[in-house]
Every structure is written in C-alpha cells, then in structure tokens.
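# Geometric and topological summary
Each chain is listed here by its residues.
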Amino acid sequence: MEITETLAAGRAAQELRLRRGEFELATQLGHVRTVGGALSGRRRVARGEVERLRRAAGFPDALRERVRTVGTAEGADLMGISPGRFTRLARAGYLVPVRFYLNRYRAVVWLYLAEELRAFASGEPGLLTGRLPRTPTGGSGATAEGAEEKAGAGEDCRPRNWRGRRIGLLLHESDDRWERAAIVGSVLDPLQLAELVPDPYERASLNRLRPDLAPGRPGSEAGRETVQRLLTADDPDEISWHRSSLTALLADARRDRQAPRPNDTLPEPVGATEPEPPLGTGAAIRTGSATRTRTDIRGRAGSRTGPARGAGAAVAGQAEDQAGPGPGGRRRVSWRRRRRVRPGPTAEVRCGSVRAWLRR
C-alpha cells in the first residue's frame, strides 16, 4: 500500500508562502485541500497538493489574491462606491463577510473577500448607483423586503450570513456524522440544544465536538459577550432552519453509532447488602438489606447533642482494662467512668439503667 507524505499546517503554509491567516482561509475555502478531521485542529496537507499549487501559474501572488480580505473602506474603493453604500449593501445581505474581528474599541470589523467584491461589482452594476431595488437579487441573506427598508429598520444580515457561510465551510470539511451535528448545533443557544437533545450523553458528545467558529477570542468580558452574540443564531427563520438541520443530522448520527457513555452507569443489583461490621464494634442489627450496629444507631441518635455513647463506652472499656485491679482485687474506676460501659450483649440494658438513674 502506498503511503502518501503529508505536511503539517505550518510547514505547508511556509512552502506555499502564505501567512497563518491566509492559509487557514485557503483551507476553509477549499483552495488548499487537506486531510484529517475537520474539528481536530490537526489537518495536514499532502505533499502532492503543495506541489500542484506551486506549479500553478502566477504562484504565489495568484494564490494570495484569492484569499485577500478587505474591510469596508478598501472594499468600497475596490467596487467604486461610497463606504455608506457599501455598508447598506452588506447589511441588506448582498455582500457576505468571510471573517470579523473586534478593534480596540470593541467594535465589530467585517472582512470580505476581494475576489468576491470584484465579481459582484462586475455582475451587478445596477446596484452600485441609484436606489436599491425592492427585491434584492444577490446575497444569501436577502429576503423579499426592500434593501432600503431593511437598512432603515436597522436589520443587519451580516452576522446571519457569516454564520451560514462558516457552518457551510465546516460541513464541507467533515465527513463524520456526529461532527456535522455538532457544527450545526454550535450556533444554537443551550436551551434550544437541550430541547432538541434531551440525552445528556449526546449533548456531552456534541459539546466535545463543538467547533471554534471564531478563533482568537478577546480577553475582556465585554468583548467575549459581543462575540458570543455574533456566534448565536437570533433570527427566528435562522433558528428554525438550524433546528430542522440538527434533527436530521442527529437521526443520521444515531443510526451510524451511539454517543459514548461511561461504563459505570449500570444500576446496582437488587438485594445488594452492606458489608458486615467487624467484631467488637457492637451488636449487629439486620433490617432489610442494610446491616447496622447498635453503636452506629446510638451514635446517629446522639449526633445533635454530642458524640455517640457507644464511642464513649469503648474508650471507657479500654481505660478500665489499662487501669488494672486496685486494692482488694477491685478495679480503680472513677465515678465518671463508671457511667460509660463497654459495648456488649448487655450494653443496651446497662445504658438504659444509667439513663433512668440520670433522669432522677
């Protein structure tokens, strides 16, 4: 069997003369084919794939241009429109971002592929000037409402379009059915996920395979909250779509294999009893399937007011044995120690008589 040589991501990026971000985007977009799990974080590139890209015309500038991203200002200049019109087109769903990051003011900065912007400008010249039409013709997040009305109402399709694009890219990379279900479920909030996946072991498996949709989380709490809002589906149509997709993917995953479960979750056998107490700890009492001693029972009854009498009796018995006989063959036991009787067959009777004497 022929073994194909593969390269790590860092080594492949160096040979392709791509920066880390460019290489990640190239693998997500399918420009660089990789092998391995989509969510393992250790995808590798075959040596033949690297050689194919290096032999392509215009390497490496052509490959870099295919993964070049631009912001609003540079994108508007590239399309020959104002930044305001560019933002309205993006908010209405005509332009789909490929990435985002938070600047130092914790504002969201969306990034777009320069190659897609040039293709949109050449294919839709009517949208670059004049009023935007009531029926958008481009963008996966567009609806039947007018783009002007959507922008005026404050609706922003950029987060939804980015989530849809990110999930689609991850699904394209993965062949594992449980991984695919985890990818779709990653944009649903925990309550939605618990409703669709009531089995805790299946939810644990999905959380373990949950992808990192936006690597490089910010360090501040406010920044993390902002990113979390962008990662969670909030539109009713989007939520309904992902719920339906997750239900179908879970059915396929369950037919493929069951979620892993621990081996120690089996119920205990009926009639299991506790081990017998060792000798010298008091008389044994068997009640049903439990075995306890009178010393344990007296210790539980007196736990509110002090130590168990059985423990005190054991200490007193040891003290009497160590004291030895006194004059006349009698043991030297103090008045306080006489009330503490060693546990034995008649310990309950002696303790009862002592309690009666104390109540007088």
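Coordinates for the structure precede this section.
Below, the structure is looked at part by part. Just so you know, these numbers come straight off a predicted model, no measurement behind them. (Residues numbered from 1 in each chain as written. Predicted model: local features only at pLDDT ≥ 70, side-chain atom pairs only at ≥ 80, totals over all residues. Heavy atoms only, no water.)

### Notes on the side chain of S205
Of note, S205 is situated in helix α12 (residues 200–208). For S205, a relative accessible area of 4% corresponds to the buried category. Ignoring sequence-local partners within four residues, the contact set of S205 consists of W178, A259 and P260. (Helix = DSSP H or I, 4+ residues; strand = E, 2+ residues; numbered from the N terminus. Buried < 20%, exposed > 50% of the residue type's maximum accessible area, 1.4 Å probe, protein only. Contact = heavy atoms within 4.5 Å.)

### Some thoughts on the packing of helix α10 (residues 177–185) against α12
As a packed pair, α10 and α12 sit with axes 8 Å apart at the nearest point and diverge in direction by 80°. Our classification of the angle between α10 and α12 gives roughly perpendicular. Counting all contacts with α10, which are made through W178, A181 and A182, the residues of α12 involved are E202, S205 and L206. In terms of residue class, the contact of α10 with α12 is built from 4 nonpolar, 1 polar and 1 charged. (Axes fitted to C-alpha atoms, helices over the stretch in contact; angles between N-to-C directions. Parallel < 35°, antiparallel > 145°, perpendicular 65-115°, else oblique. Nonpolar A, V, L, I, M, F, W, Y, C, P; charged D, E, K, R; others polar.)

### Thoughts on the packing of aromatic side chains
Per the counting criterion, the structure on display carries 4 aromatic pairs. Between F100 and W162, the aromatic rings sit 5.0 Å apart at their centres with planes inclined by 85°, giving edge-to-face as the arrangement. In this pair, F100 is assigned in strand β4 (residues 99–102) and W162 in helix α9 (residues 158–173), connecting sequence segments 62 residues apart. The exposure class assigned to F100 is buried, which follows from its relative accessible area of 15%. The class of W162 is buried, set by a relative accessible area of 4%. Site record: aromatic cluster; members linked through ring pairs are F100, W110 and W162. (Phe/Tyr/Trp six-rings, centres within 6.5 Å; stacked < 30°, edge-to-face > 60°.)

### Things to note about α12
Where α12 is concerned, the buried positions are E202, S205 and L206. Relative to the axis of α12, the buried residues are bounded by an arc of 100° and lie together on one face. Those residues of α12 hidden inside the fold are in contact with α10, α11 (190–196) and α14 (236–256). N-cap assignment for α12: the residue whose side-chain oxygen lies 3.0 Å from the backbone N of Y201 is D199. (Arc of directions from axis to C-beta. Polar contact = N/O pair within 3.5 Å; in protein donor to acceptor, adjacent residues only side chain to side chain.)

### Let's talk about the pattern of salt bridges
Opposite charge on two side chains lets them pair, provided their charged atoms get close. Tallied over the entire structure, the rule returns 25 salt bridges. For the salt bridge of R165 with E116, the shortest nitrogen-to-oxygen distance reads 2.3 Å. Placement of the pair is R165 in helix α9 and E116 in helix α7 (residues 114–123), with a sequence separation of 49 residues. What makes R165 buried here is its relative accessible area of 18%. By relative accessible area, E116 is classed as partly exposed at 32%. (Salt bridge = Lys/Arg side-chain N within 4 Å of Asp/Glu carboxyl O.)

### Remarks on the packing of helix α5 (residues 72–79) against helix α6 (residues 83–92)
Orientation of α5 relative to α6, taken along the N-to-C sense of each, is 100°, at an axis distance of 9 Å. Of the possible angle classes, the one that applies to α5 and α6 is roughly perpendicular. Contact residues: T72, G75, A76 and M79 in α5; P83, F86 and T87 in α6.

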